[in-house]
Amino acid sequence: MAVSVAEGQVWESVLEQTKSAQEKNSDPLLWAVQLSSRLNSAGVSLPSIDLAHLLVSHICWDNNLPITWKFLEKALTANLAPSMLVLALLSIRTLITETWLKGMVLVFALVTVDDMVIPNRKFHPTAYRLYMELLRRHAFSLKCQINGPNYQTIMKSIDDVLHLSLIFGIQVSEPGLLLVEFVFLIVLQLLDASLEDEGLLEHIPEKKSIWPTVTEDMDIYIADNCNKMRNEQHDVLYKGNTMIAIEIIGEFLQNKVTSRILFLAWRNMPSHWEAFIQKLRVLAANGSLTSSSGQYHGTSPSALWLPIDLFLEDAMDGSKVAATGATETLTGLVKALQAVNGTTWHDTFLGLWIAALRLVQRERDISEGPIPRLDTCLCMLFSITTLVVANIVEEEESELMDESDCSRMNQTKEKQITGRCRKDLISSLQMLINYEALLTPPQSICSVANQTAAKAIMFVSGLTVGNGYYECMSVNDMPMNCSGNLRHLIVEACIARNLLDTSAYLWPGYVNARANIPHSVPSQVPGWSSLMKGSPLTPALINALIATPASSLPEIEKIYEIATKGSNDEKISAASILCGASLVRGWNIQEQAVMFITSLLSPQVPANYSGSESHLISYAPFLNVLLVGISSVDCVQIFSLHGMVPLLAGALMPLCEVFGSTAPNVSWTLPTGEELTTHAVFSNAFTLLLRLWKFDHPPVEHVMRDATPVGSQPSPEYLLLVRNSKISAFGKSPKDRLKIKRISKNLNFPTELIFMDSFPKLKCWYRQHQECIASTLSGLVQGTTVHQTVDALLNMMFRKIGRGSQSLTSTTSGSSSSSATGAEDILIRLKLPAWDILEGTPYVLDAALTACAHGRIAPRELATGLKDLADFLPATLGTIVSYFSAEVTRGIWKPVFMNGTDWPSPLANLSIVEQQIKKIIAATGVDFPSLATEGSSPAMLPLPLAALVSLAITYKLDKTSERFLCLIGPALNSLGGGCPWPCMPIISALWAQKVKRWNDFLVFSASCTVFHHNSDAVVQLLRSCFTSTLGLSPSIICSNGGVGAVLGHGFGSHFAGGMAPVAPDCQEWIVKEENGETEEDEVRTEIWASFSWKGNDTSQTCCCTWGFIDLALRWIRLSPIIDQRNITFLVHINPYSRPLGTWRCSFHAMRLCTCLLRCSLWYLCMGRGLGLICIQTETKGFLSLLVGCTHKWVLDINVDVLKRLSNGLRQWNEKELAIALLGLGGADAAGTAAELIIKTGA
């Protein structure tokens, strides 16, 4: 009792001393020294919990004076009172008045205490400002506090004040865990106060804060003084406090220590964290949260979605056509990443949209090249990505609907059930407004974006107009300040697919102008609205429909109906419309357009048809319009992205078989006046079919490696197998049933299975094609039909120079003595089915090439003859490409000097091209190797390659030539990379002379071939990919790491300083394509599938991990040199701690990647004698794998074991891994993890 009286006297004397100093306005430092002496004399342990209570009670609110706050701050600085407890007392304290169990959730009533700052901030803004200043000074200085003598007692007192254990529902009361809860609670309270001050509480589901952020009875006793207090200075201070509070929230999220502590809160308090994130999004969506404060969880860190960026970049590769659709693959990837990374669907969708937007921005101002990609990128953003989101949303809601039907059988099934994914989609699209730099549309679609924005403006303004208005809207009709962007187009795509409704037009900031548009709308304009009202297909309407994409399924169905049931002229017009803007930029119905076109390529046999020849012959003009319409590079890629390549191949093969077997005795006159023959239809179908698999890739893919590539090579048989598999399995899975709902009911696909045996002529050509690649030609027998065809073709090719076929074929076939005949006689002899001409073409090429090598024909005559052959039957280009490619790789032809006399010369710009290549290579962090071959001329090419280049540059650059150059271009690229240096620079220099605007593209492509000739450069390139992603590269463009560093922002001379620096992965993904492929996609998918089931509680470790897995798997197929150097640099990179807002978890990613690499390398490289990495590295690698991908397993490990493992890792100087391991151990280990974070400053 005496002790209690004595203690009471001590605190009474302390209070009297404080009041006296307050009245005298004493120096706070002097007050603190005297107070410390008094407390030490009284035997009070410092820092004192009782002193904290006394000082806070004294200030709030009778002594709310500047001097008392200075006393309080000095007490904290001198460690007289525990700063965390003072902050707790000043924030929002609660009294638990009642607790009960409601279901399985603990519910408690909160009663506010008057002596606290946050609820009284409106009436005491100065106190709130001072409180936040104390937060800034002391809330981030946790190390000295946890090392203090009363640490556990202080944390227990904080729990008594704030009731942390009850609020967060965690029964563990270790001081470290209480510290985590305390930090999280402070941020939550600041966030709720800021939302209320900004008037945003109505935007959160609860409509109010769960904390008493305002004292309800305060207005009663200050009403009389309201006018005095709310002066201008008061209001300015109050508004400024809100901004400071938001800044402090950002500091908590960015600070190295507190952000890691909040990371532990995310793991162990999921329900509270989810509410926290929702509120952060509301604050960010309304522009209150600065970008710096949203770098951690309010937005999606770019590195988290690096695998998506890499997938999108690969899908854009115009040199390959995938047999599987991007929608299905990307859907699986997104779902796996969401599970592996443990993110919400909001962050997942946001990451997906941002990755797709980055893809478009990389192409927005890129230098022009022979392979356009912009329309393909736009297809990926507006069509494929939207379909991926639709798959995920519809799949979730279908499951919810099934559950609802089971539980409520009496309710109608048509009732809409909105799932969580749809809600998160909406919030992610609202968040896109904060990424203005990514939303700028390419110039070619600015008008479309503006029209979309105008549509929203008129909706908001209450104007109702039909589609006809938008079709005739000009720039002058646009509302003032109407500026559309890519977000408007994304939202419109989502509305078209029923993912959103028009209420999206009312989102804050969605439109920025009010409509001032004339109400008089033309009653009839040439466009889709006219067609739907029954207007006939006049030339003006046809042109309008070709130039304008359809906006809805009924519109495209109308055209399909005309194409199947109209007159012959109407069918041709409908085919032109389908292959126009609706295919390329009809993003909302694009998948329907590609299916309609594929279906139309297989017209049904008419009911009254009785002819002896195939019914397809009568459809020749109609089919030719379709074939030409879809032959551009972008169109083929669009078919590929939508997964239609196998079905397209199945439709093309019957056309090739029929038209290739029919002699050109019948012709059709086109509206342009041109004559259409069966040869032309066959050539268009055949060249398109060839582009659907890598027919042009020569044996160089095999000879450049020391092992056969893993995986099956694409072939016609493979495409048919995939096609048959799709048709057989379609409609049997739940996912297919969802797809069927979106597919037009008018669509009619042939469902019978087809095989190569169904096409004997095609099968025979393919066998000959493989034989020509495998070995030199033989077997041409004199006097046979094939020999006569060869003779006629040679005479046709070289009749202008008066050379007979005998002089050309004698060295290879001992041909007949027939002399050159007249042109008409030759053409009559060549009125043969196309398959017969293709059969003789390899022998023709062999004879022509041999004659040139022996000087019997000049190089220019060879190029002219080859061009005549390709003009006569463009389908022969396929044979020309494959034959010359095979001959180059055989290495039996002497190189020829590109001297400008016999052969075109690259010398005018070759040195410039080589200098630009060196500049690009240096920019990626790779030392340019010495590639010159001793004794070789700088401008020499193998004879077949020189002939192929000479043929290519004779073509004009127009729409007609584009579909044929698409066959030659990839082959030149592949051959140039495989031949000795500087073959590829020579090819690039020649093309750059012909098309100067392609210079940047050509030089960049040539630079990638450097890595084919030097294995050290490959190792350096891979190292550059990793270090650039982690931000460890000394290069300025890569110093910040992330997606931009590894993938870049495009290339071209329009960048400052000429040729733009190239990101290393832009080099890498082209190098790997030229170097051949393995079953990497399947391996990657299996890895994702094997880890994705582990659960949702994964850390940001995986943000880079999966990107590194992707890069590592790329490298496995890329590098012909696999040795210990390629592994050891992964182990020795040592990128450590960063603030969690930009934390890459690089150590974990690298070690996990090393484990995966070693497993893969052991599988692929058995017996190559790889050196072993030390046992310590192996152990750390295993624990990294455990941390990175198997979080559920860590929860099963005893906490004491985790702590011992953590101590061991710290002794190995692996602080990051030690913290991550503890962080996965649940609430029991979270406290230890938090204390370790604070002690190490991690």
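Residues numbered from 1 in each chain as written. Predicted model: local features only at pLDDT ≥ 70, side-chain atom pairs only at ≥ 80, totals over all residues. Heavy atoms only, no water.

Within an unreviewed UniProt entry, the label attached to the protein chain reads Mediator of RNA polymerase II transcription subunit 33A, and the organism entered is Hibiscus syriacus.

**Q** Any chance you could explain the overall build of the protein chain here in plain terms?
**A** Within the protein chain, the secondary structure is distributed over 60 helices and 6 strands. When the 1242 residues of the protein chain are sorted by exposure, 58% land in the buried category. Across the protein chain, every contact between residues at least 6 apart in sequence was considered, and the portion connecting residues at least 24 apart equals 78%. Summed over all atoms, the accessible surface of the protein chain reaches about 49500 Å², with 54% contributed by carbon and sulfur. (Helix = DSSP H or I, 4+ residues; strand = E, 2+ residues; numbered from the N terminus. Buried < 20%, exposed > 50% of the residue type's maximum accessible area, 1.4 Å probe, protein only. Contact = heavy atoms within 4.5 Å. Areas by Shrake-Rupley, 256 points an atom, 1.4 Å probe, with all protein chains shown as cover.)

**Q** Just to check I follow, could you spell out the pattern of salt bridges for this structure?
**A** Summed over all chains, the structure comprises 24 salt bridges. Of the charged contacts in the structure, one is a salt bridge between Arg422 and Glu397, with a shortest N-O distance of 2.6 Å. One end of the pair, Arg422, is in helix H20 (residues 420-431); the other, Glu397, is in helix H19 (residues 374-407), and 25 residues separate them in sequence. Each member of the pair Arg422 and Glu397 is classed as buried. Here Arg890 and Glu887 are joined by a salt bridge, their closest N and O atoms 2.8 Å apart. With Arg890 and Glu887 both in helix H43 (residues 876-890) and 3 residues apart, this pair spans about one turn of that helix. Among the residues examined, Glu887 registers a relative accessible area of 3% and is labelled buried. Beyond isolated ion pairs, a larger network of salt bridges with shared partners links Glu313, Arg362, Glu363 and Arg373. (Salt bridge = Lys/Arg side-chain N within 4 Å of Asp/Glu carboxyl O.)

**Q** What exactly am I supposed to notice about the side chain of Thr18 here?
**A** By secondary structure assignment, the location of Thr18 is in helix H1 (residues 2-24). Within polar-contact distance, the side chain of Thr18 engages the backbone oxygen of Val14 at 2.9 Å. Not counting residues within four places of it along the chain, the set of residues in contact with Thr18 comprises Trp31, His58 and Phe71. (Polar contact = N/O pair within 3.5 Å; in protein donor to acceptor, adjacent residues only side chain to side chain.)

**Q** Sorry if this is basic, but what is going on with the confidence of the model for the protein chain here?
**A** It should be kept in mind that the predicted coordinates are not to be read in detail where pLDDT is low. Taken as a whole, the protein chain shows an average pLDDT of 77; of its residues, 72% reach a score of 70 or greater. Here residues 699-712 is a poorly scored stretch, pLDDT under 50, and it has 30 contacts once near neighbours within four places are set aside; other chains count. Counting interchain partners and residues more than four positions distant, the pLDDT-below-50 stretch residues 810-821 has 26 contacts. (pLDDT = per-residue confidence, 0-100.)

**Q** Hey, could you run me through the environment of Leu692 in this one?
**A** Checked against the element boundaries, Leu692 lands in the loop between helix H33 (678-690) and helix H34 (700-703). Those residues within four positions of Leu692 in sequence are excluded, and the remaining contacts are Val321, Val636, Val645, Leu648, Ala649, Leu652 and Leu719.

**Q** Please clarify how the side chain of Asn684 should be interpreted in this entry.
**A** Its location among the elements puts Asn684 in helix H33. Look at Asn684 and you get buried, because its relative accessible area is 8%. Look past the residues within four positions of Asn684 in its chain and what remains in contact with it is Asn624, Leu627, Val628, Arg963 and Phe964.

**Q** For this particular structure, what's the right way to read unusual backbone geometry?
**A** Leaving glycine out, the prevailing phi sign among residues is negative, and the prevailing peptide bond configuration is trans. Here the bond from Leu46 into Pro47 is cis, since omega is 0 degrees, no more than 30 degrees from zero. With respect to the element layout, Pro47 can be found in the loop between helix H2 (28-41) and helix H3 (49-59). Residue Trp61 is bonded to the preceding Cys60 through a cis peptide linkage, with omega at 0 degrees. On the secondary structure map, Trp61 appears in the loop between H3 and helix H4 (66-77). Phi is positive for Asn79, close to 60 degrees, though the residue is something other than glycine. Summarising the element assignment, Asn79 is placed in the loop between H4 and helix H5 (83-90). A residue is classified by how much of its surface remains accessible, and Asn79, at 43% relative accessible area, is partly exposed.

**Q** So what exactly am I meant to see when it comes to the packing of aromatic side chains here?
**A** Aromatic ring pairs are reported here in terms of the distance separating the ring centres and the angle at which the planes meet. Counted under the stated rule, the structure contains 23 aromatic pairs. Within the aromatic cluster, the residues linked to one another by ring pairs are Phe682, Phe686, Trp693, Trp765, Tyr766 and Trp835. If you follow Lys867 out to its NZ or CZ, it ends over the ring of Tyr955, 4.7 Å from the centre. (Phe/Tyr/Trp six-rings, centres within 6.5 Å; stacked < 30°, edge-to-face > 60°. Lys NZ or Arg CZ within 6 Å of the ring centre and 35° of its normal.)

**Q** Whenever I open this one, H20 confuses me. Can you help?
**A** Each turn of an α-helix holds 3.6 residues, which means side chains three or four residues apart point in the same direction. For H20, spanning 12 residues, the distance from its first C-alpha to its last is 16 Å, which sits close to the expected 16 Å at 1.5 Å a residue. The complete set of buried residues in H20 reads Cys421, Arg422, Asp424, Leu425, Ser427, Ser428, Leu429 and Met431. (Expected span 1.5 Å × (residues − 1).)

**Q** Honestly, the environment of Ile577 in this entry has me stumped. Any pointers?
**A** As for its position among the elements, Ile577 is in helix H27 (residues 568-578). Under the relative-accessibility criterion, Ile577 is labelled buried at 0%. Taking C-alpha positions, Ile577 is 7.7 Å from Ile559, a pair spaced 18 residues apart along the chain. If near-sequence neighbours (up to four positions away) are discounted, Ile577 is found in contact with Trp528, Leu537, Ile542, Leu545, Ile546, Ile559 and Ser582.

**Q** Honestly, the environment of Pro441 in this entry has me stumped. Any pointers?
**A** If you trace the backbone, Pro441 turns up in the loop between H20 and helix H21 (446-460). In this structure, the C-alpha to C-alpha distance between Pro441 and Val360, residues 81 residues apart in sequence, is 8.5 Å. Not counting chain neighbours up to four residues away, the residues in contact with Pro441 comprise Arg364, Cys446, Ala449, Gly484, Asn485 and Leu486.

**Q** Would you explain H43 in this entry?
**A** Between the first and last C-alpha of H43 there are 21 Å, a value that for 15 residues agrees with the 21 Å anticipated at 1.5 Å per step. Counting buried residues along H43, 13 of its 15 residues qualify, which places the element largely inside the surrounding structure. One or two positions beyond H43, positive phi appears at Gly891, with a value near 70 degrees.

**Q** Help me understand the packing of helix H42 (residues 859-872) against H43 in this model?
**A** For any two helices packed against each other, the geometry comes down to the angle between their axes and how far apart the axes lie. The interhelical angle for the contact between H42 and H43, taken along N-to-C directions, is 140 degrees, at an axis separation of 8 Å. Comparing their axes, H43 and H42 come out oblique. Note on element contacts: H43 touches H42 through Thr876, Leu877, Ile880 and Phe884, opposite Leu866, Leu869 and Ala870. Residues that form the contact of H42 with H43 fall into these classes: 6 nonpolar, 1 polar and no charged. (Axes fitted to C-alpha atoms, helices over the stretch in contact; angles between N-to-C directions. Parallel < 35°, antiparallel > 145°, perpendicular 65-115°, else oblique. Nonpolar A, V, L, I, M, F, W, Y, C, P; charged D, E, K, R; others polar.)

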